[in-house]
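# A closer look at the structure
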Amino acid sequence: LSDDFRHYLQAKQDLVDESLERIFHAQTGVPASLAEAIRYSLLASAKRLRPILVLMANEAGGGNDGKAMPAACAVEMVHTYSLIHDDLPAMDDDDLRRGQPTCHKKFGDALAILAGDALLTLAFQVLSEKYPPATAAACCRELARGAGAAGMVGGQVEDLAWEKATAQRTAQALENIHALKTGALFHACLRLGAYAAQGENLAGPDPVLLGSLDGYGRCFGLVFQITDDLLDVEGNAADTGKRVQKDAGRGKLTYPALLGVAESRRRAQLLAEEAFGHLRPLKERGERFAQLLRFVLERDR
Ligand code: IPE
Ligand code: IPE
Ligand code: MG
Ligand code: MG
Ligand code: MG
């Protein structure tokens, strides 16, 4: 990975951190305990990959960071809510997240559930307040599709159902879980970025750009979750900021569980090649997307 790209990632991460802080700070009238729980999870140390994808898609569509930042923050709010709920005792029952005790360990289940609810809602508030009507509507639609019953939430239901299921475990079922619980939100990030860049141009984003980003996003989501599953087997808590070696004990249907570590790596590599193919029509506009995917393939956190 080039130094130049590392600096790019760090700069965008810092920008996202600042913007999240600023947007949340502007919310008045939030009960102190709720504000504390939200800030604790939202502003903790995180990779900010989803907002960075929003910024990158926006840039590829000709927009500047300022235009895309509300959309980038909205996605990170939804993602943070999904993590808070994912860690609850009724779901994955985890005690470590982003290098610190999980939200419910620190604040109790009720406040953690409500902090998640508030973050999910705030995301749509931000989109509707910060964009003109047509862009706001498009962004709300894409984020709702990615996060909702046929997207992330649906995938979480499948993920939990397969812990207990006795049906034959197949690569097809596995890919479906990953595409929904993780892929759908990444896909939404790219679309939000493209819509944020279009301004009030009602014709919508360039279909070539959208087509490439859709294909790339599908592969990116799968690669990302395969590497997440691999980190659970091969990673450590100090780097990942969360407990490792938990999936097998819970009976999760994961890539390493079904196919083994080596074959999982091979699949991730194949999907990355496929993603690079989707970027080809974008020429040099696709370069950063390729680098981000290489970063994901090599990540240890
Ligand atoms: C973890 O996401 C949850 C998954 C979808 C696998 P990240 O690995 O992006 O977590 P943060 O945002 O950096 O904490
Ligand atoms: C979570 O997948 C996906 C979400 C929608 C939050 P995991 O359950 O594997 O994520 P981690 O490993 O706890 O971060
Ligand atoms: Mg989970
Ligand atoms: Mg989990
Ligand atoms: Mg995991």
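Quick note: structure is the one above.
None of the values given here were measured: they were computed from a predicted structure.

The biggest cluster of nonpolar side chains holds 90 residues, and the ones touching the most others in it are Tyr216, Phe289 and Leu292. Leaving out residues up to four positions away in the same chain, Phe289 has contacts with Leu53, Met56, Ala57, Ala60, Leu190, Leu213, Tyr216 and Leu279.

On to the coordination of the magnesium ion (ligand 4), then. Ideal geometry at a metal centre: 109.5 degrees between donors when four sit tetrahedrally, and 90 or 180 degrees when six sit octahedrally. Taken together, the protein donors to the magnesium ion (ligand 4) comprise Asp86 (OD) and Asp92 (OD), at separations of 2.1 Å. The metal-metal distance between the magnesium ion (ligand 4) and the magnesium ion (ligand 3) is 3.1 Å, with Asp86 coordinating both. Judged by relative accessible area, Asp92 falls into the buried class, the value being 10%.

Going through the model one piece at a time under the given rule, you end up with 6 aromatic pairs. Consider the rings of Phe5 and Tyr8, whose centres lie 5.8 Å apart with planes at 15 degrees: the pair is stacked. Separated by 3 residues within a single helix, Phe5 and Tyr8 lie in helix H1 (residues 3-25), roughly one turn from each other. Each member of the pair, Phe5 as well as Tyr8, carries the same accessibility label: buried. Relative to Phe220, the ring of Tyr216 lies with its centre 5.6 Å away and its plane at 45 degrees, an arrangement referred to as tilted.

So, on to the side chain of Asp229. Considering the arrangement of structural elements, one finds Asp229 in helix H10 (residues 207-234). Among buried Asp, Glu, Lys and Arg side chains, Asp229 stands out as unpaired, with Lys181 the closest opposite charge at 5.0 Å. Reaching out from Asp229, the side chain makes a polar contact with the side chain of His178 at a distance of 2.7 Å. Residues contacting Asp229, with those up to four places away along its chain left out, are His178, Asp247, Thr254, Tyr255 and Pro256.

The immediate surroundings of ligand 2 are formed by Ser82, Leu83, Asp86, Asp92, Arg97, Met152, Gln156, Lys181, Gln225, Asp228 and Lys242. Lys181 is positioned with one of its side-chain polar atoms (N or O) 3.4 Å from an oxygen atom of ligand 2. Between an oxygen atom of ligand 2 and a side-chain N or O atom of Gln225, the distance comes to 3.5 Å. For the shell around ligand 2, the secondary structure elements donating two or more residues are helix H4 (65-86), helix H8 (152-164) and H10. With 3 residues, the single largest contributor to the shell around ligand 2 is H4. Among the residues forming the shell around ligand 2, the class breakdown is 2 nonpolar, 3 polar and 6 charged.

This part takes up the packing of helix H9 (residues 171-198) against H10. Remark: H9 packs on H10, axes separated minimally by 8 Å, with the N-to-C direction vectors making an angle of 140 degrees. The orientation of H9 with respect to H10, classified from their angle, is oblique. The way H9 lies across H10 gives a crossing that is right-handed. Split by residue class, the contact of H9 with H10 holds 13 nonpolar, 7 polar and 6 charged.

Here the focus is unusual backbone geometry. Although it is not a glycine, Arg48 adopts a positive phi angle of roughly 60 degrees. Secondary-structure assignment places Arg48 in the loop between helix H2 (32-42) and helix H3 (49-60). Overall, the relative accessible area of 2% leaves Arg48 in the buried class. With phi around 55 degrees, Asp93 is a residue other than glycine that occupies positive phi space. Take Asp93: it is sitting in the loop between H4 and strand S1 (96-97). Exposure remark for Asp93: the relative accessible area of 36% places this residue in the partly exposed category.

Turning our attention to helix H6 (residues 109-130). Compared with the 32 Å implied by 1.5 Å per residue over 22 residues, the 31 Å span of H6 between its first and last C-alpha is a close match. Of the residues making up H6, those classed as buried are Leu111, Ala112, Ala115, Gly116, Leu119, Leu122, Ala123, Val126 and Leu127. An end-on view of H6 places all buried positions within 145 degrees of arc, on one side of the element. In H6, the exposed residues that point more than 90 degrees away from the buried face are Ala110, Thr121 and Glu129.

Calculation criteria
Residue positions are counted from 1 within each chain, in the order its sequence is given. By the order in which they are written, chains take letters starting at A while ligands take numbers starting at 1. Residue-level local features of this predicted model are given only where pLDDT is at least 70; pairs of side-chain atoms are given and counted only at 80 or more, and the full residue set underlies all totals for whole chains, interfaces and linings. Derived side-chain values reflect all non-hydrogen atoms in the structure, with water molecules and hydrogen atoms excluded from consideration. Take the buried Ala, Val, Leu, Ile, Met, Phe, Trp, Tyr and Cys residues and link them wherever side-chain atoms come within 4.5 Å; each set so joined is a nonpolar core. Relative accessibility thresholds used throughout: buried, under 20% of the residue-type maximum; exposed, over 50%; partly exposed, between the two (1.4 Å probe, protein chains only). Residues are treated as being in contact if the distance between any of their heavy atoms lies within 4.5 Å. Here the term donor refers to an N, O or S atom within 2.8 Å of the metal (or 3.2 Å for Na, K and Ca), and because water is left out of the atoms, sites may appear incomplete. Only Phe, Tyr and Trp rings are paired, with Trp represented by its six-membered ring, and only when their centres lie within 6.5 Å; those with planes under 30 degrees apart are stacked, over 60 edge-to-face, the remainder tilted. Elements are defined by DSSP. Helices are runs of H or I of four residues or more, strands are runs of E of two residues or more, and each kind is numbered from the N terminus. Counted as positive: Lys and Arg. Counted as negative: Asp and Glu, with His and the chain ends omitted from the count. A side-chain nitrogen of Lys or Arg and a carboxyl oxygen of Asp or Glu constitute a salt bridge if their distance falls within 4 Å. Nitrogen and oxygen atoms within 3.5 Å of one another constitute a polar contact, given that in protein one can donate a hydrogen and the other can accept it, and given that sequence-neighbouring residues count only through two side-chain atoms. We call a residue near a molecule or strand whenever a single non-hydrogen atom of that residue lies within 4 Å of it. Each residue gets one label: Ala, Val, Leu, Ile, Met, Phe, Trp, Tyr, Cys and Pro are nonpolar, Asp, Glu, Lys and Arg are charged, and the others, such as Gly, are polar. To get an axis, a line is fitted to the C-alpha atoms, and for a helix only the part in contact is used. The angle between two axes follows their N-to-C directions and goes from 0 to 180 degrees. Any angle that is under 35 degrees is reported as roughly parallel, and any over 145 degrees as roughly antiparallel; angles of 65 to 115 degrees are reported as roughly perpendicular and all others as oblique. Two helices cross in a left-handed way if the nearer one is turned anticlockwise from the farther one by less than a right angle. They cross in a right-handed way if the turn is clockwise. Given a helix with a known number of residues, its expected span is that number minus one, times 1.5 Å. An arc is given here, and it is the one of the directions from the helix axis to the C-beta atoms.

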